[in-house]
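Examining the three-dimensional arrangement
The chain contents come next:
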Amino acid sequence: MRGGQTLAEALESHLAEWSERTGIAVETWALPATDVPSKVSRAVMTAMGEALANVEQHSGAGTVSITVSIAVTVGKSGLRMTVSDNGRGFVAGAPGRGIARMRAAFAEAGGRLSVSSVPGEGTTVSGVVPAPRR
């Protein structure tokens, strides 16, 4: 991360700046307590930037909820990112450039990303990067 920041520190400063600039409230539910590999950090920051740009430009949301956590599921750990907004949502169609960039960033880190949206209720972006196999 820039200036030796951890992923959590970079996210905290980015989210605070974004919320102040846009006037959209950010609820942060979890951030990683430990540092993560740089390729995973880059994927999260890229996807987070795209997701927040979409919230700002398209959603009309008043609040966005953020979770980036080290997840442990079925004996394997990895990183999970969730960005949810309470905006207008959209009907699924061909993914735009922003969604394609988010998916590509997670794929480059060995993960996957999905976007779900309900018209009138909001959108959720979920990404997972599994822990490297030992």
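If you're wondering where the values come from, they're calculated on a predicted model, not measured in any experiment.

Re the nonpolar core
Counting 29 residues, the largest nonpolar core has Val44, Met48, Val68 and Met81 as its most contacted members. Broken down by secondary-structure element, the contributors of at least two residues to this core are α1 (7-22), α2 (38-59), β2 (63-73), β3 (76-85), α3 (97-108) and β5 (122-130). Sequence-distant contacts of Met81, that is, excluding residues within four places in its chain, are made with Val44, Ala47, Met48, Thr67, Val68, Phe106, Leu113, Val125, Ser126 and Gly127.

Considering the packing of α1 against α2
Where α1 meets α2, the closest approach of the two axes is 11 Å, and the angle between their N-to-C directions is 15°. The orientation of α1 relative to α2 falls into the category roughly parallel. The interaxial crossing formed by α1 with α2 has right-handed handedness. The residues of α2 that touch α1, namely those facing Leu7, Ala10, Leu11, His14, Leu15, Trp18, Arg21 and Thr22, are Ser41, Val44, Met45, Met48, Gly49, Leu52, Val55 and Glu56. Among the residues forming the contact of α1 with α2, the class breakdown is ten nonpolar, four polar and two charged.

Some words on α1
Each α-helix winds once per 3.6 residues, and so residues spaced three or four apart point in a common direction. Look at α1: 22 Å from first C-alpha to last across 16 residues, which is about the 22 Å you get at 1.5 Å a residue. Among the residues making up α1, those that are buried are Leu7, Ala8, Ala10, Leu11, Leu15 and Trp18. One side of α1 holds all its buried residues, which, seen down the axis, span an arc of 155°. With respect to the buried face of α1, the exposed residues turned more than 90 degrees away are Glu17, Glu20 and Arg21. Just downstream of α1 lies Gly23, where phi reads positive at about 80°.

Some points on α3
Its twelve residues give α3 an end-to-end C-alpha distance of 16 Å, which sits within 8% of 16 Å, the value for a rise of 1.5 Å per residue. Regarding α3, the residues found buried are Gly98, Ile99, Met102, Ala105 and Phe106. Here the buried residues of α3 occupy an arc of 125° about the axis, which is enough to place them on one side. Exposed and facing more than 90 degrees away from the buried side of α3 are Arg97 and Glu108. Once α3 ends, the next one or two residues include Gly110, with phi positive near 85°.

A short note on the environment of Ile70
Looking at the secondary structure, you find Ile70 in strand β2. The spacing of Ile70 and Met81 is eleven residues in sequence and 8.9 Å in space, taken between C-alpha atoms.

Cut-offs used in this document
- The residue numbering used here restarts from 1 in each chain and proceeds along that chain's sequence as written.
- With pLDDT at 70 or above as the cut-off, local features in this predicted model cover only qualifying residues; side-chain atom pairs require 80 or more to be listed or tallied, and sums for whole chains, interfaces and linings still use all residues.
- To get the side-chain values, take all heavy atoms of the structure and skip hydrogens and water.
- Here, nonpolar core means buried Ala, Val, Leu, Ile, Met, Phe, Trp, Tyr and Cys residues that are tied together by side-chain atoms lying within 4.5 Å of each other.
- Each residue is assigned to one of three classes by its accessible area relative to the maximum for its type, calculated with a 1.4 Å probe on protein chains only: buried under 20%, partly exposed between the two thresholds, exposed over 50%.
- A run of DSSP states H or I qualifies as a helix once it reaches four residues; a run of E qualifies as a strand once it reaches two. Both are numbered from the N-terminal end.
- Contacts are residue-level and defined by heavy atoms, with any inter-residue pair within 4.5 Å sufficient.
- In this analysis, axes come from line fits to C-alpha atoms, helices being fitted only over the stretch in contact, and the angle between any two N-to-C directions falls in the range 0 to 180 degrees.
- Each angle is binned into one of four classes, with values under 35 degrees roughly parallel, values over 145 roughly antiparallel, values of 65 to 115 roughly perpendicular, and all other values oblique.
- Helix crossings fall into two classes, left-handed where the near helix is turned counterclockwise from the far one by less than a right angle and right-handed where it is turned clockwise.
- Note on residue classes: Ala, Val, Leu, Ile, Met, Phe, Trp, Tyr, Cys and Pro are nonpolar, Asp, Glu, Lys and Arg are charged, and everything else, Gly too, is polar.
- In this analysis, the expected span of each helix is defined as 1.5 Å times one less than the number of residues it contains.
- To obtain the arc, one takes the directions from the helix axis to the C-beta atoms.

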